[in-house]
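# Close look at the chain arrangement
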Amino acid sequence: MGDTAERASELVEQLRGVGVAGVTVAWCDNNGIPRSRTVPVASLPQVAETGIGVSTVFAIFNTNDGIQYGAPGRETPSGDVRLVPDLDRLTPLAGQRGMAWAPGTQVDVDGSPWPWDQRSLLAATVDGLAERGYTALVGYEMEFAVSAPSPDGAVVPAYRGPAYSPHGLLEIDAFATDVLRDAEANGLRIGQFHAEYGPGQVELSLGATDPVRAADEQLLARQTVLAAAARHGLRISFAPLPSLQLAGNGWHVHSSLWRDGVNLLAGGPEGPGTAGSGYIAGLLRDLPALAAVTAPSIGSMARLRPGFFAGAYGFWGIENREAPVRYVVGSPLLGADHANVELKVSDASANPYLALTALLTSGVAGVEENLVPPSPIAADPGTWKKKERAAAGVEKLPTTQADQEAALLANPRITEALGTERLGAFLEVRRADAAWAAEREPEDVLAAWRWRY
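I will try to describe carefully the structure that is included in this document.

What counts and how
Residues numbered from 1 in each chain as written. Predicted model: local features only at pLDDT ≥ 70, side-chain atom pairs only at ≥ 80, totals over all residues. Heavy atoms only, no water. Phe/Tyr/Trp six-rings, centres within 6.5 Å; stacked < 30°, edge-to-face > 60°. Buried < 20%, exposed > 50% of the residue type's maximum accessible area, 1.4 Å probe, protein only. Helix = DSSP H or I, 4+ residues; strand = E, 2+ residues; numbered from the N terminus. Salt bridge = Lys/Arg side-chain N within 4 Å of Asp/Glu carboxyl O.

If you walk through the whole model with that rule in mind, you get six aromatic pairs. On the numbers, 4.8 Å between centres and 35° between planes, the contact of phenylalanine 58 with phenylalanine 61 is tilted. Residue phenylalanine 58 is classed as buried on the basis of its relative accessible area, which comes to 15%. Judged by centre distance (5.6 Å) and plane angle (75°), the rings of phenylalanine 144 and phenylalanine 238 are edge-to-face.

Here it is, written out as structure tokens:
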């Protein structure tokens, strides 16, 4: 028995001791949708060594579960990959007493890296940054709508408000309590949990950690919230925009870049120093292409409405919540190392491993090229006249799939970081979603994807 199988055997006994019968191994597809395989707990030693068989077509699933042949190397249904659980992330689920959960990495049948796997790409990106002396911390703010059941699948807000009030959460108190308890038991560090601005909307923030773990925990947090909701007869919509009549759900990414134990984003009310400014400038330079990966769906682009704190225009600001790139200041109270950058154009329809790869690639390029960002903006450019935005160099971010694709393909940094195979599959499903949506009313598209993520 190999070391991996021996360790897995020890874990089996521990899992059985707490009543676990099955292990769900999850990954995320190109639409931000979690996919999984579940195996009996007894098979974990074998699965840990040889993985679980998975079809190659999952690389080209669209949001409606259609298979989009035609991406380079993915023209047929032939082939197999192995889904290998990360035993370091194995978690008995507090909200699903008979189940454990682990993120999976897809490898080729000979055990070598599979060119379409996203998790291994982010891991390689992080390793590459470490070789250059960098580390990063990432944390997510996850907004979602909590709904009572409805026969037509509409969102029926499970609480009535007021926004940001403890009174609203009283109506879903038992659910909120279970989420917090389950999250702690599942190893998730929750920063905040509160009623948000929209009807029935809640925000949950995850503590900052290394990028791969942050992406893993985003998936685990979804599973945790959904399990708690199911126990209370509620439904959860993580969709970027569940309906044109509702607030959008951003999954804002907070990131900081470190070198030699120093947070390069550290700074005060005037902004960060030279390296941190370069990080911001790198994100801002690549923002249209970056958003094509971090907010890639039709719902994502419908969410980019001025005045909704969604980041509809390309600019940065210091503590400006309308800015897609928001600098969060360190302070004597919080400490200089609290400083970070929030990317608002990010949501549940993004594959988190691809999204963080693109984000780190753009930001670090800005540092190493000594880029200097334009002056920060404290206002909302959405309230300006068009000529005022033009004078300030502020442009609206792409709001069509074609424009997003053009921005992405014109960006050598992000396309090279993603690689030919992953980029090809990603674009193939984006085009399929756009073609399907073009034949339908916007509200019907949003309704079809409301519960997908």
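This part is about unusual backbone geometry. With omega at 5°, the peptide bond leading from glycine 161 into proline 162 counts as cis. Structurally, the position occupied by proline 162 is in the loop between strand 8 (156-157) and helix 4 (166-169). Here the phi dihedral of aspartate 260 falls at roughly 55°; this positive angle occurs in a residue that is not glycine.

Between side chains of opposite charge, pairing is possible as soon as their charged atoms come close. Throughout the structure, instances matching the rule amount to 26 salt bridges. We note a salt bridge from aspartate 65 to arginine 35, for which the minimum N-O separation is 2.9 Å. You can see aspartate 65 sitting in the loop between strand 3 (52-55) and strand 4 (80-85) and its partner arginine 35 sitting in strand 2 (residues 34-40), a full 30 residues away along the chain. The shortest N-O distance in the salt bridge between arginine 452 and aspartate 65 comes to 2.8 Å. Placement of the pair is arginine 452 in the segment after helix 15 (442-448) and aspartate 65 in the loop between strand 3 and strand 4, with a sequence separation of 387 residues. Classification of arginine 452 as partly exposed rests on a relative accessible area of 27%. Take aspartate 65: its relative accessible area is 34%, and that puts it in the partly exposed class. Each of the salt bridges in this network shares a partner with another, and the network as a whole consists of Asp86, Arg89, Arg119, Asp210 and Asp216.

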